[in-house]
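# Descriptive structure summary
One-letter residues, chain by chain:
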Amino acid sequence: MTAPLSIQAGASVPAPSRPGEALVRIEALEKIYSTRDRGNIHALSDIHLDVAPGEFLTIVGPSGCGKSTLLKILAGILKKTSGQVRVANAELYGPNRDLGVVFQAPVLLPWKSVIDNVLVPAKVQKLDMGQARTRARELLEMVGLSGFQDRYPGELSGGMQQRVGICRALIHKPKFLLMDEPFGALDAMTREQMNLELMRIWKEQEATILLVTHSISEAVFLADRVVVMSPRPGRIAEIMPVDLPRPRNLEMFNTPVFGKHVGAIRRHFQSEGGID
Amino acid sequence: MAATDTAPAAVPAPSTADPVRATRWSESRALSPLLLVAMLLLWEALIHLFDVPAIVVPTPSAVAVAMWEGIASGLFWPHFLVTLWEIIAGFGIGSVVGIALGVLIGLSPLMERLVYPYVVAFQTLPKVAIAPIIVIWFGYGISSKIIITATIAFFPLLANTIVGLRSAPREQVEMLEACTANRWQIFRMIRLPQALPYIFVGLDVAVVLSVIGAIVGEFVGAKAGLGYLILQKNFSFDMAGVFAILIILSLIGVGLHLLVVAIQRRVLFWSEAHANSVTGA
Ligand SMILES: Nc1ncnc2c1ncn2[C@@H]1O[C@H](COP(=O)(O)OP(=O)(O)O)[C@@H](O)[C@H]1O
Ligand SMILES: [Mg+2]
């Protein structure tokens, strides 16, 4: 975590000129998939969302409510159907060098070793590979995989692969992180550890994070605000600010305030029949 | 008796660890050669029993003698080299052209619409039928055989390269796009490695077809080579000699196949499943 990586300015996200200004502004966003066999699928409907710079936002919702779709649109790898998405005051037109993405599946390249997988974004963006390699080792150590850097993804468990995917998303010190159920395949202990590490990185890098999870308590524990989504078509049901002080610790799971938030979110899904 | 043992006492014989499995293993290993020996003996016996003339079917022992004579006299050697060179050069040229055209078509829908119909039309032509034309155009020497072999080896690589380049999972491409990769980087870092299992299947098919290509070319008209030698032996009713050459040809095919498989094992260590690819013969 010591040697800073030089992030080359391509279309980098500049620091906001005025405080309180949104880093991401989503207005009336719609996404309709047209499929051959299932007709048109209305995945996202009338999404309005502002994300402040440095904010930690989590998204919960039943499976199929468009969480991954929303993240892919923000990552610039999926076209929206209509509406507006602005990042740092510019219309979003494609992927961004200051963006890190953790996908729902680890999506590792099986012919590359663990460390080379982590280095993929650095290689694509032609960063200094010596520095990137040092950082990759640090990241792998952070997620408890230091002994595995020369192994291949096929030799790793699902949870280990997921952690490699997380390191890959962080290798170029992105200012904006999109994470799609990043800890889904991890056991409870590792998961809590990773939550704490992620919050540390978030503070250290002054990053902005959008994280999808199917764990309501994880959503509350991490977030400044929790976005609750409802399905068919996917829309935002509620945006709930979390009144827990920072820095957060694992004891907060047992506080009444925490329980109150979890209960309020759970009530949204009782009529829908649970999430994920 | 321990004092006279040649093996150091510290190293236990591996077979003692699991004697049951050891005998089974040796049995399964010996089974296939045993079958061959049995077949050869039966073959030999049947020919003697029914008094089959040697110009129709030779005995295995006669084939063995012909093989020994062909090798010892140095008769087979120059022909073997000519045919091997035709196979390898034709296979190499056909593969390179097939992969190159496959990359072009696989990456460009325009090229596919423009070129691919003609490629398929060419593929439907039996190469045996155009072999005489190629011999007339390029002569009785080695070059016409190389060209015939190349036209046969080319298609399996073309078809497998096209399918392989399209086999890259969408998630992997999206992952690279999200890191701001351009088309060339996506090709080099994902599409090409994903195509390799398919390309190797193409190489394996093509290498066996190349043996056929070279022999067909030599049958049409040649001055040297194992195919040419087969025709000569046929004319002189030397059936044992023909069979000996056939064995050499099949050894060439098996050898080249094993070579491709060995390279494949090293390159594709990461690919656990064999790709379901196109075997366009
Ligand atoms: N590429 C696609 N083509 C067609 N439909 C899709 C595609 N991706 C997702 N969908 C559909 O869009 C809806 C939302 O999917 P997704 O964003 O993956 O939901 P979530 O991540 O919340 O589970 C689902 O009904 C899903 O079937
Ligand atoms: Mg999803």
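The shown structure was predicted, so the numbers you read here are calculated from the model rather than taken from an experiment. (Residues numbered from 1 in each chain as written. Chains lettered and ligands numbered in written order. Predicted model: local features only at pLDDT ≥ 70, side-chain atom pairs only at ≥ 80, totals over all residues. Heavy atoms only, no water.)

### Overview of the overall build of chain A
What chain A contains, in helices and strands, is 8 helices and 10 strands. Whereas a compact globule of 276 residues would reach a radius of gyration of roughly 19 Å, chain A reaches 18 Å, a difference of no more than 12%. Viewed in the frame of its principal axes, chain A has a C-alpha envelope of about 50 × 45 × 45 Å. Burial status across chain A gives 52% buried among its 276 residues. Relative to all contacts within chain A whose residues are 6 or more apart in sequence, the contacts with residues 24 or more apart total 70%. A total accessible area of about 11900 Å² is found for chain A, and carbon and sulfur atoms account for 51% of it. Treating the 33 positive side-chain charges of chain A as one cloud and the 29 negative ones as another, the clouds have centres 4 Å apart. (Helix = DSSP H or I, 4+ residues; strand = E, 2+ residues; numbered from the N terminus. Rg over C-alpha atoms; globule rule 2.2 N^0.38 Å. Buried < 20%, exposed > 50% of the residue type's maximum accessible area, 1.4 Å probe, protein only. Contact = heavy atoms within 4.5 Å. Areas by Shrake-Rupley, 256 points an atom, 1.4 Å probe, with all protein chains shown as cover. Lys, Arg positive; Asp, Glu negative; His and termini not counted. Charge placed at Lys NZ, Arg CZ, Asp CG, Glu CD.)

### Looking at the layout of surface pockets
The volume enclosed by the largest pocket comes to roughly 560 Å³. Looking at the lining of the largest pocket, the elements that each hand over two or more residues are β1 (24–35), β2 (39–51), α1 (67–75), β6 (99–102) and β7 (176–180) of chain A together with α7 (170–178) of chain B. Element by element, the count of residues in the lining of the largest pocket is highest for α1 of chain A, at 6 residues. The residue inventory of the lining of the largest pocket, partitioned by class, reads 13 nonpolar, 9 polar and 9 charged. (1 Å grid on protein atoms, 1.4 Å probe; cavity = no way out; pocket = protein on both sides within 12 Å on 5 of 7 lines; lining within 4 Å. Points joined across faces, edges and corners; volume = space filled by probe spheres on them. Nonpolar A, V, L, I, M, F, W, Y, C, P; charged D, E, K, R; others polar.)

### Here we look at the interface of chain B and chain A
Contacts between chain B and chain A engage 18 residues on the former and 22 residues on the latter. The largest share of the area that chain B buries against chain A comes from M175, A178 and M189 of chain B, three residues that together contribute 31% of it. Between E174 of chain B and K72 of chain A there is a salt bridge; the shortest N-O distance is 3.5 Å. Linking chain B with chain A are 1 residue pair in polar contact (both at pLDDT 80 or more), by the criterion used here. (Buried area = accessible area lost by both parts, 1.4 Å probe. Salt bridge = Lys/Arg side-chain N within 4 Å of Asp/Glu carboxyl O. Polar contact = N/O pair within 3.5 Å; in protein donor to acceptor, adjacent residues only side chain to side chain.)

None of this, on its own, says anything about what the molecule does.
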